[in-house]
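Structural characterization, general
Below are the chains, spelled out letter by letter.
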Amino acid sequence: MKDIANIMEIQDFSFTYPKAENPSLKNINLPIKENHITALIGPSGCGKSTLLRAMNRIHDLYPGCHYEGAIKLKNQDGSIGNILDIKKENDFIALRQRVGMIFQKPTPFPMTIYENIAYGLRIAGIKNKNDLEEIIVKSLQDAALWNEVKDRLHQDARGLSGGQQQRLCITRVVALKPDLMLFDEPTSALDPISTLAIEEMILGLKEKYSIAIVTHNMQQASRISDYTAFMYLGDLVEFNDTDVMFTNPKEQQTNNYITGKFG
Amino acid sequence: MEKIFARLSQVSASLVFVVLVSTLVTLYISAKPAIEEFGAKFLIDARWGVDVPIEPPSSDHKPAQQASQSSVSNAHLDNGTNAGDEDDGINVGDDDDGINVGGDGVVSNAPHKEVFGGAVAIVGTVFSTIIALLFAVPLAMGIAIFLSEIAAPAISKPVGIAIELLAAIPSIIYGMWGLFYFGPFIASIFGGHSVSLLVAGLVLGVMVIPFMAALSRDAINTTPDVLKEAAYAVGATKFEVIKDVVFPYAKAGIIGSIIISLGRALGETMAVAFVIGGVFEFAKSVTDPTNSIPVVLANNFSESSGLSLASLFYLSLILFVVSFIVIFTAKHYFLRRGK
Amino acid sequence: MRLLINKLVLGLSSLAAVIGLVFLGWILITLIIKGSEALSPYIFTHDLINNGIRNLLFGQFVLAGLATIIGIPIGIMAGIYLQEYSNGSKYADFIRDLSDVMMSAPSIVIGTFVYAVVVMPTGHTAGWAGVFALFVMMLPIVVRATDDMLSLVPTELREAGIAIGASKYHVIVNIILRAAKVGIVTGLILAFARVVGETAPLLYTSGSSVYWSTDLSDTFPSITVSIYNLATMPDDKMVQLAWAAALVLTFFVLILNLLGRYIIREKHH
Ligand SMILES: Nc1ncnc2c1ncn2[C@@H]1O[C@H](COP(=O)(O)OP(=O)(O)OP(=O)(O)O)[C@@H](O)[C@H]1O
Ligand SMILES: [Mg+2]
């Protein structure tokens, strides 16, 4: 593996849900590489979403979660902080602005298309109307969504098609210029064409952003990711270059999974 | 801001608790004189506003027969009549501590005290509710099944909406209709009075039909289509599907809807006030007038004070507690929230 | 045989439906026929003292309207607590249960409660007492309506809001309430419709008045209480007026219900 800087480094990480007896994640060690795409794969229930949701600590919406180990995030100034140390509300907000998340189902806010993007920007402190306008148009253009929505910017975002909604949600996150973007099966609720559009979008994003994506679709993982992590029953079984992983995995379990012997 | 908002919302939620508890406490405190005076006997004493002489505090417990014959001077209550001819086992005056009616201590000639009991109203409430349910349940179930399983959507939709709208009609309308039309109609068939226990029960029944039917229909509609289809696929008739698939599946919801309707009937005031008669007498037959707790409360509150007012609060407390239990049972055991 | 039973039962249940509907139709037709006898523009422009219902309608809507205005913010806040802040605690379930109980509590009991805490200390009936009684009825309805509507908002939407760095308060106010807006508004309309037709809690809290009044510290006119009084009078004219008032009241209640339904349906299209 080439030596590439990590935007995030998960170290000896274990996670237990509130009221659960056993940890859902055990001793995970995983780097997320800067400006690359890391795919998380594994059978249903193995803990992919759980791991992803730890990376911006959205788990903390529900009190009683138990973390162990460390998740180190590289700051813009090059210093490194452990996000598991965060306690203050303000720091959570800052973390989530830096680590964006896109969900399985599109989550357009109940507002206009324009407002959907403006909302996060305003929260981030951008209030000037011209600035907002500029950023919104720019990000929509970057997302190749501009032509489809430019005439209906001020209509309810819930009127868009599912694929468009999902791309809007990605745009909404991109507009905040996060350091790391997390995708939890972003295409599993979409048709193949919308899926392709989103895959292209994600591929385009890695020039500027670091990305972690959970997917059930092996082809998708091999198409878009640079690195792949295979998880099984709360353990990280193997982390490898995607090319290597899909042709010549180290672990027998990985091989079984990607060749469809189980899962 | 954040904190204030969160806090405010918590306070608002607690307000529900506060209101409920203060209702209970207020009713209890207001009813206290009557509770201390009559205790649990209140529940079985049929006399309301009956003057009885206070026995001299001789401690031997002989049955107070005098109470039954003497001095029925209930002038202050317009329709309060005596029912003192039964229940002569009642031992008024053996708890002499709480009595301060008719002047303190030095009472010279024949001290009197008023006696209040809730039995007539309680029995009236229970029976009118039973009649209402006997009448409403079969009809409401018929409507519910008709709407969900028999009628074509073109019919069941508008009829369903009509039923729901009927459930929203203020209950006072049902009472007026009962007084002027339904009561006389029933009297012409069954004889007896046009205001009576029977009329009250039936009007109550008509009133809860739409409510019960709408709730039951919703419960029935939760049965997954695949389940029904699977039953049809093995050759079941529609009735068998309803009996063997739909009912068992929706059973809890249906029972819940019946109990909730029962709660409504128990506490209903206006639909009954017009048609039950409002007299403090047991109905010897169903076509006689009698009383119910809500109606006693509605008719007598403003003219009451002292012990009679406390007795009304006692009745109110009883009604509240009973409906509390009924609703709680329905919600807790039959209408569990999802998740 | 099976087929026969099937036919029989289906026939019976259809018959039950018809019987039930006949009763309900009977009531409606009676209401319309009797109500329209005394219905005229005159009654809308005169107070009860002059054989009109203007002050009664106004009074009823003021009582129910004020109860709603007070009940809405508190009820919605409580609903927000249950759904957004309680984290599914036992306490929240407890409050839900209590709301359900309060929602179905006999309205006359609420009347007696308000009588004891407001009317007895002050010594007279007053509009505010009626407002308070209706508020007590209204509160649990609004709480549960808000609670239910918020529970329909998908969790992902909350998480998506949090995930772009919005605070919980922001997410609730700007996203969740907006997403649930239609449902909540419908709930409020239905809650208003529910209390506006109430008689029992007003009987001896706000009382009744034949005059025009805007003074809530005194006995206040109410259409439902006056219907009760008028209908039991030995005077045919008064009974007729009671029917007219009943028709007008029912009309408003049904319109409100239809409005609530319409709004909800519009949303689904
Ligand atoms: N809120 C929760 N409380 C307790 N346990 C949970 C909770 N959510 C998930 N789990 C458990 O944690 C484990 C991992 O779940 P997770 O959702 O991370 O799986 P996943 O790999 O994303 O699966 P899928 O591919 O189906 O999305 C599962 O065993 C699941 O049952
Ligand atoms: Mg998952």
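Scoring rules and cut-offs
Residues numbered from 1 in each chain as written. Chains lettered and ligands numbered in written order. Predicted model: local features only at pLDDT ≥ 70, side-chain atom pairs only at ≥ 80, totals over all residues. Heavy atoms only, no water. Helix = DSSP H or I, 4+ residues; strand = E, 2+ residues; numbered from the N terminus. Buried < 20%, exposed > 50% of the residue type's maximum accessible area, 1.4 Å probe, protein only. Contact = heavy atoms within 4.5 Å. Areas by Shrake-Rupley, 256 points an atom, 1.4 Å probe, with all protein chains shown as cover. Phe/Tyr/Trp six-rings, centres within 6.5 Å; stacked < 30°, edge-to-face > 60°. Buried area = accessible area lost by both parts, 1.4 Å probe. Salt bridge = Lys/Arg side-chain N within 4 Å of Asp/Glu carboxyl O. Polar contact = N/O pair within 3.5 Å; in protein donor to acceptor, adjacent residues only side chain to side chain. Nonpolar A, V, L, I, M, F, W, Y, C, P; charged D, E, K, R; others polar. Pairing = 2+ DSSP bridges. Axes fitted to C-alpha atoms, helices over the stretch in contact; angles between N-to-C directions. Near = heavy atom within 4 Å. Right-handed = clockwise from strand over helix to strand, strands pointing away.

Summing up its helical and strand segments, chain B has 11 helices and 2 strands in all. What you see in chain B, going N to C, is helices and strands ordered as α-β-α-β-α-α-α-α-α-α-α-α-α. Relative to its full complement of 339 residues, chain B shows a buried share of 53%. Long-range pairs, those at least 24 residues apart, make up 78% of the contacts in chain B between residues at least 6 apart in sequence. Of the roughly 14,300 Å² of accessible surface on chain B, 64% is carried by carbon and sulfur atoms.

Overall, the coordinates contain 41 aromatic pairs over all chains when judged by the stated rule. Centroid distance Trp177(B) to Phe23(C): 6.4 Å. Interplanar angle 85°. Geometry classified as edge-to-face. Residue Trp177(B) is found in helix α5 (residues 171-190), and its partner Phe23(C) is found in helix α1 (residues 2-37); the two belong to separate chains. Assigned by exposure class, Trp177(B) and Phe23(C) land together as buried. Aromatic pair Phe301(B) and Phe313(B): ring centres 5.2 Å apart, planes at 90°, arrangement edge-to-face. One end of the pair, Phe301(B), is in the loop between α10 (293-300) and α11 (306-334); the other, Phe313(B), is in helix α11, and 12 residues separate them in sequence.

Looking now at the interface of chain C and chain B. The interface of chain C with chain B comprises 81 residues on the first partner and 79 residues on the second. Summing both partners gives a buried area of about 7,100 Å² for chain C against chain B, and 78% of it is carried by carbon and sulfur. Counting across the interface, chain C meets chain B through 1 salt bridge. The closest approach of N and O atoms between Glu164(B) and Arg261(C), which form a salt bridge, is 2.2 Å. Linking chain C with chain B are 6 residue pairs in polar contact (both at pLDDT 80 or more), by the criterion used here. At the level of secondary structure, the elements contributing two or more residues to the side of chain C that touches chain B comprise α1, α3 (54-85), α4 (90-104), α5 (107-122), α6 (127-151), α8 (168-179), α10 (223-231) and α11 (236-268) of chain C. Sorting elements by how many residues they give to the side of chain C that touches chain B places α1(C) first, with 21 residues. The residue makeup of the side of chain C that touches chain B, split by class, is 56 nonpolar, 15 polar and 10 charged.

In sheet architecture, strand pairing relies on hydrogen bonds along the backbone and comes in two forms, parallel and antiparallel. Residue and element names in this part refer to chain A. Strand order across the open sheet formed by 4 strands is β2-β1-β4-β5, with antiparallel pairing between neighbours. Each edge of the open sheet carries a strand with a single partner, namely β2 (25-33) and β5 (80-82). Between one strand axis and the next, the sheet turns through 10° on average, direction left out of account. In terms of strand pairing, strand β1 (residues 6-16) meets β2 through 6 bridges, oriented antiparallel. Bridging from a neighbouring strand, Glu9 pairs with Pro31 of β2.

Once that is clear, we can look at the pattern of salt bridges. All names here are of chain C. Taken as a whole and judged by the stated rule, the model has 25 salt bridges over all chains. In this structure, Arg144 and Asp147 form a salt bridge, with 2.8 Å as the shortest nitrogen-oxygen distance. Note that Arg144 and Asp147 are positioned in helix α6 at a spacing of 3 residues, about one turn of the helix. Arg144 sits in the buried class, given a relative accessible area of 9%. In this structure Asp147 comes out as buried when scored by relative accessible area, which is 2%. Residues participating in the shared-partner salt-bridge network are Asp93, Arg96, Asp100, Arg144, Asp147 and Asp148.

Attention now moves to the site of ligand 1. Residues and elements named next belong to chain A. Contacts to ligand 1 come from Tyr17, Ser24, Ser44, Gly45, Cys46, Gly47, Lys48, Ser49, Thr50, Glu185 and His216. Here an oxygen atom of ligand 1 and a side-chain polar atom of Thr50 are 2.3 Å apart. The contact in question runs from an oxygen atom of ligand 1 to an N or O atom on the side chain of Glu185, over 3.4 Å. Contact with the protein chains hides 57% of the accessible area of ligand 1, taken as 630 Å² for the molecule alone. Split by residue class, the shell around ligand 1 holds 2 nonpolar, 7 polar and 2 charged.

A few words now on the pairing of strand β8 (residues 210-214) of chain A. Residue and element names in this part refer to chain A. In terms of residue burial, β8 counts as a mostly covered element, since 5 of its 5 residues are buried. Alternating positions in β8 separate into two faces, Ser210, Ala212 and Val214 on one and Ile211 and Ile213 on the other, with burial throughout. In the sheet, strand β3 (residues 37-41) pairs with β8 via 4 bridges, with the strands oriented parallel. Within β8, the residue paired with Leu40 across the bridge is Val214. Judged from the 5 bridges that link them, strand β7 (residues 180-184) and β8 form a sheet pairing that is parallel. Across the sheet, Met181 pairs through a bridge with Ile211, a residue of β8. Each parallel crossover has a hand, and for β7 linked through helix α7 (residues 192-205) to β8 it is right-handed.

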